[in-house]
Amino acid sequence: ESKLMRLNSPQMNIIYKACIKASKSLIRDFGEIEKLQVSSKGPGDFVSVADKKTEKIIIEELLKAHPDYGILSEEVGVINENNKEKRWIIDPIDGTSNFLNGIPQFAISIGYEEKGEITCGIIFDPIKNEMFFAEKGAGAFLNNSRIRVSNQKKIKDSILVTGGPRFSSKRRSETFDEYIKISNRVNIPIRKYGSASLDIANVACGRFDGFWQWELNYWDVAAGIIILKEAGGFIEFLKNSSEKSSLKKNVVATNSKIHQELLDSLLKKNIE
Ligand code: 2AM
Ligand code: CA
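Computed from a predicted model, the values in this text were never measured in an experiment.

Another point: the environment of K17. Mapping K17 onto the fold places it in helix α1 (residues 10–38). In sequence terms K17 and I58 are 41 residues apart; their C-alpha atoms lie 8.7 Å from each other.

So this is what it looks like as structure tokens:
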């Protein structure tokens, strides 16, 4: 397996195996969803089953390798709570709504955290067969190629991507205000793809120049943190005083060159 040659740390190999194993079941389930789309039955239940099944496979693999490591995963929450030094951070299906509707834009995202820092991770899009991965100090890759962020220096010419807000969000109107603010600064309309992990991965490989989204969860971005950093990008988490949970993340992730300009534009009070 040529991909494996670039995966050096034991943790990376463990994540890789878990990812590949889970993706096989996920691809099968996606095929079923596509069939369900044309039937009268709603795919809702099926999806939560697919989500849990994928998560189960991943967790089984990870626990087989290290029964004592901590786990934070979207569906089951926390396992081995006492181990805070070494943790896997898992999103079994990021882009659930896409998956649910037969739209091929979703990913498995797994990060490994040591003493609070993500040191390696994989974001795997099983439909396009695109595996983004990185290890601290070893660069970022998409399949067999080294990836780097874009060279774009101006927001005006950037391709930006965002996500949200959910209906339940308390900052819906602020989110739309920001959308308008940023829209007024770019030539190319803002993209919206519905998978935060892939949005960040796509900044890492230079397809997008920047991404921002409020109220994400740690598992949406964990693997993306190291992949973007190793690709030369910059990821920042903005504080939100009204937010109780420390898991919620307000993310600005860019090629680093447009970072300050995007940040300034987002945080400006008035709509221009
Ligand atoms: P999910 O598909 O795993 O739920 C959609 O905008 C992207 O944001 C998806 O990656 C989705 O993850 C993620 N997301 C997570 N929490 C969200 C929230 N509270 N509001 C909007 N999107 C959220
Ligand atoms: Ca997610």
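Right, picking up where we left off after that structure.
The eight strands lie next to each other as β2-β1-β3-β4-β5-β6-β7-β8, forming an open sheet whose pairing is mixed. Where the open sheet ends on each side, the last strands, each with one partner, are β2 (77–79) and β8 (145–146). Seen against the sheet, helix α5 (residues 196–204) touches β3 (86–94), β4 (107–114), β5 (117–125) and β6 (130–135) and runs at an angle of roughly 100° to β5. Helix α6 (residues 218–230) rests against β1 (70–73), β3, β4, β5, β6, β7 (140–142) and β8 of the sheet, and its axis sits at about 100° to β5.

This part covers the coordination of the calcium ion (ligand 2). At 2.1 to 2.3 Å from the calcium ion (ligand 2) lie its protein donor atoms, namely D91 (OD), D94 (OD) and D220 (OD). Each donor residue of the calcium ion (ligand 2) belongs to the same chain, with the gaps between them written as D-x2-D-x125-D. Here D94 is found in strand β3, whereas its partner D220 is found in helix α6, with 126 residues between them in sequence. Taking the relative accessible area as the measure of exposure, D94 reaches 6% and is therefore buried.

One can find S265 in helix α7 (residues 259–267). S265 gets classed as buried once you look at its relative accessible area, which sits at 2%. A polar side-chain atom of S265 sits 2.5 Å from the main-chain carbonyl oxygen of E261.

The subject of this paragraph is the nonpolar core. Within the largest apolar cluster, 35 residues are counted, with the highest numbers of intra-cluster contacts made by I123, F132, I147, F211, Y218, I227 and L228. Sorting the residues of this core by element identifies β5, β6, β7, α5, β10 (210–217), α6 and β12 (248–254) as the ones contributing at least two each. Take this core: its biggest share by element is nine residues, from α6. In this structure, L228 is in contact with V149, I200, V203, A204, G233, F234, I235, A253 and T254, ignoring residues within four places of it in sequence. Residues I57, I122, M131 and F141 belong to the second largest nonpolar core, which totals 31 residues.

Interhelical geometry of α5 versus α6 gives an angle of 5° and a closest axis separation of 8 Å. Between α5 and α6, the angle is such that the two are roughly parallel. Here α5 contributes A196, S197, I200, V203 and A204 to the contact with α6, which in turn contributes D220, V221, G224, I227 and L228. Per-class residue counts for the contact of α5 with α6 are seven nonpolar, two polar and one charged.

Right, let's get into the side chain of S73. Relative to the elements of secondary structure, S73 occurs in strand β1. Since its relative accessible area comes to 0%, S73 is described here as buried. Reaching out from S73, the side chain makes a polar contact with the side chain of E55 at a distance of 2.4 Å.

With mixed pairing, the four strands of this open sheet are ordered in space as β9-β10-β12-β11. Taken across any chain shown, the strands that pair with only one partner, and hence form the sheet edges, are β9 (160–162) and β11 (234–238). For this sheet the average axis-to-axis angle between neighbouring strands, irrespective of direction, equals 15°. Summarising the sheet, β11 and β12 pair through five bridges and their orientation is antiparallel. Residue pairing across strands places F234 opposite T254, the latter belonging to β12. Against the sheet, α6 engages β10, β11 and β12, with an angle of about 145° to β10. α7 contacts β9, β10, β11 and β12 of the sheet and is inclined by roughly 135° relative to β12.

Reading the values: the criteria
- Residues numbered from 1 in each chain as written.
- Chains lettered and ligands numbered in written order.
- Predicted model: local features only at pLDDT ≥ 70, side-chain atom pairs only at ≥ 80, totals over all residues.
- Heavy atoms only, no water.
- Helix = DSSP H or I, 4+ residues; strand = E, 2+ residues; numbered from the N terminus.
- Pairing = 2+ DSSP bridges.
- Contact = heavy atoms within 4.5 Å.
- Axes fitted to C-alpha atoms, helices over the stretch in contact; angles between N-to-C directions.
- Donors = N, O, S within 2.8 Å, 3.2 Å for Na, K, Ca; no water.
- Buried < 20%, exposed > 50% of the residue type's maximum accessible area, 1.4 Å probe, protein only.
- Polar contact = N/O pair within 3.5 Å; in protein donor to acceptor, adjacent residues only side chain to side chain.
- Core = buried A, V, L, I, M, F, W, Y, C linked by side-chain atoms within 4.5 Å.
- Parallel < 35°, antiparallel > 145°, perpendicular 65-115°, else oblique.
- Nonpolar A, V, L, I, M, F, W, Y, C, P; charged D, E, K, R; others polar.

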